[in-house]
Amino acid sequence: GDMLTDEIAQIHRSPGFITSNLIGKNEDGSLIKEFEASHGTVADMWHAHLEGKETSLNPLGLVEALIGAIQHSVSLHKGPHELHDFANKIRRCMHLAFTNGLGTRDLAGPDGLTTEKF
């Protein structure tokens, strides 16, 4: 699964574009879900950041993973449903930022934002 999500992310020009979701079942039949950004640790960008170089990696995959985890937690604990709605608002805001030209350079091109400015 991880290899496939990395390949699909590259089609979209960014390893930070999607999440990797691992799903299993407990003995009682309840779902076990793990959410992660498909880009892994992005060590090359971290080292560039430490050297004082500008980086531009979008946080979509990481935020989508966090949203998935929040919503799964709400599902497991039967609430609070306001938290599920809040996670949806985070998703809408993130997507609006990118679709309105406020994305990072890996998706928006040279006029996009750096990681830090985003």
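Procedures and definitions
Numbering of residues starts from 1 in every chain and runs along the sequence as written. Predicted model: local features are reported for residues with pLDDT of at least 70 only, side-chain atom pairs are reported and counted for 80 or more only, and whole-chain, interface and lining totals are derived from all residues. With hydrogens and water excluded, all non-hydrogen atoms of the structure serve as input to the side-chain values. In DSSP terms, a helix is any run of H or I states spanning at least four residues, a strand is any run of E spanning at least two, and both are numbered starting from the N terminus. Any residue under 20% of the maximum accessible area for its type is buried, any over 50% is exposed, and the rest in between are partly exposed; the area is computed with a 1.4 Å probe on protein chains only. The criterion used for residue contact is that any of the two residues' heavy atoms lie within 4.5 Å. Each nonpolar core is a collection of buried residues, namely Ala, Val, Leu, Ile, Met, Phe, Trp, Tyr and Cys, held together in the definition by side-chain atoms within 4.5 Å. Across the chain, each position has a pLDDT score giving the predictor's confidence in that residue, from 0 to 100. The pairing criterion for strands is at least two bridges between them, as found by DSSP. Two rings from Phe, Tyr or Trp (for Trp, the six-membered ring) form a pair when their centres are within 6.5 Å of each other. A pair whose planes differ by under 30 degrees is stacked, one over 60 is edge-to-face, and the rest are tilted. With axes taken as lines fitted to C-alpha atoms, and helix axes fitted only over the stretch in contact, angles between N-to-C directions fall between 0 and 180 degrees. Should an angle lie under 35 degrees it is considered roughly parallel, over 145 roughly antiparallel, and from 65 to 115 roughly perpendicular; all remaining angles are considered oblique. Crossing handedness is defined as follows: a turn of the near helix away from the far one that is anticlockwise and smaller than a right angle gives a left-handed crossing, while the clockwise case is right-handed. We define a salt bridge as a contact between a side-chain nitrogen of Lys or Arg and a carboxyl oxygen of Asp or Glu at a distance within 4 Å.

Undergrad: Got a minute to help me understand the overall build of the protein in this structure?
TA: Broken down by element type, the protein carries five helices and two strands. Order of helices (α) and strands (β) in the protein, N terminus to C terminus: α-β-β-α-α-α-α. In the protein, which comprises 118 residues, the share counted as buried stands at 32%. Considering only contacts in the protein between residues 6 or more positions apart, those separated by 24 or more positions represent 51%.

Undergrad: Mind showing me how you'd approach the nonpolar core here?
TA: One recurring pattern in soluble globular proteins: nonpolar side chains tend to sit buried together. Among the nonpolar cores identified, the biggest contains seven residues, and these are Leu60, Val63, Ile67, Ile70, Ala87, Met94 and Phe98. Where this core is concerned, the elements lending two or more residues are helix 3 (60-77) and helix 4 (81-99). In terms of residue count, helix 3 provides more of this core than any other element does, four residues in total. Ignoring sequence-local partners within four residues, the contact set of Val63 consists of Ile90 and Met94.

Undergrad: Could you clarify how one ought to interpret the confidence of the model for the protein in this entry?
TA: Where the model shows low pLDDT, its predicted coordinates should not be examined in detail. In this model, the protein carries a mean pLDDT of 82, and residues with pLDDT of at least 70 account for 82%. Confidence scores differ between elements of the protein, with helix 1 (residues 2-11) showing the lowest mean pLDDT of 62 and helix 4 the highest of 91.

Undergrad: How should the pairing of strand 2 (residues 31-37) be read in this particular structure?
TA: Working note: regular strand, side chains alternate between the two faces of the sheet. As judged from the seven bridges shared by strand 1 (residues 19-25) and strand 2, these two strands associate in the antiparallel manner. By the bridge assignment, Asn21 is partnered in strand 2 with Phe35. Hairpin connection of strand 1 to strand 2: five residues between the antiparallel strands, including Gly29 at a positive phi of 95 degrees.

Undergrad: I would appreciate a short explanation of the packing of aromatic side chains in the present structure.
TA: Within a pair of aromatic rings, the relevant descriptors are the distance that separates the centres and the angle that separates the planes. Under the definition given, this model contains one aromatic pair. Between Phe98 and Phe118, the ring centres sit 5.2 Å apart and the planes meet at 50 degrees, which makes this aromatic pair tilted. Residue Phe98 is found in helix 4, and its partner Phe118 is found in the segment after helix 5 (105-108); the two are separated by 20 residues along the sequence. Judged by relative accessible area, Phe98 falls into the buried class, the value being 16%. Given the relative accessible area of 32%, Phe118 is considered partly exposed.

Undergrad: Explain the packing of helix 3 against helix 4 here, please?
TA: The relative placement of two packed helices is expressed as an angle between their axes plus a distance between the axes. Running from N to C, helix 3 and helix 4 cross one another at 165 degrees; their axes reach a closest spacing of 8 Å. The orientation of helix 3 with respect to helix 4, classified from their angle, is roughly antiparallel. Taken as a pair, helix 3 and helix 4 cross one another with a handedness that is left-handed. Facing helix 3, whose interface residues are Leu60, Val63, Glu64, Ile67, Ile70, Gln71 and Val74, helix 4 presents His81, Leu83, His84, Ala87, Asn88, Ile90, Arg91, Met94, His95 and Phe98.

Undergrad: Quick question: what am I supposed to make of the pattern of salt bridges here?
TA: Pairing is possible between side chains that carry opposite charge, provided their charged atoms lie close to one another. Under the criterion given, the structure shown has three salt bridges. For Arg105, the salt bridge is made with Glu54, and the minimal N-O distance between the two is 2.9 Å. Separated by 51 residues along the polypeptide, Arg105 in helix 5 and Glu54 in the loop between helix 2 (43-50) and helix 3 bring together distant segments of the chain. For Arg105, a relative accessible area of 32% puts it in the partly exposed group. Judged by its relative accessible area of 53%, Glu54 is exposed. Notably, a salt bridge pairs Glu64 with Arg91, separated by 2.9 Å at the nearest N-O pair.

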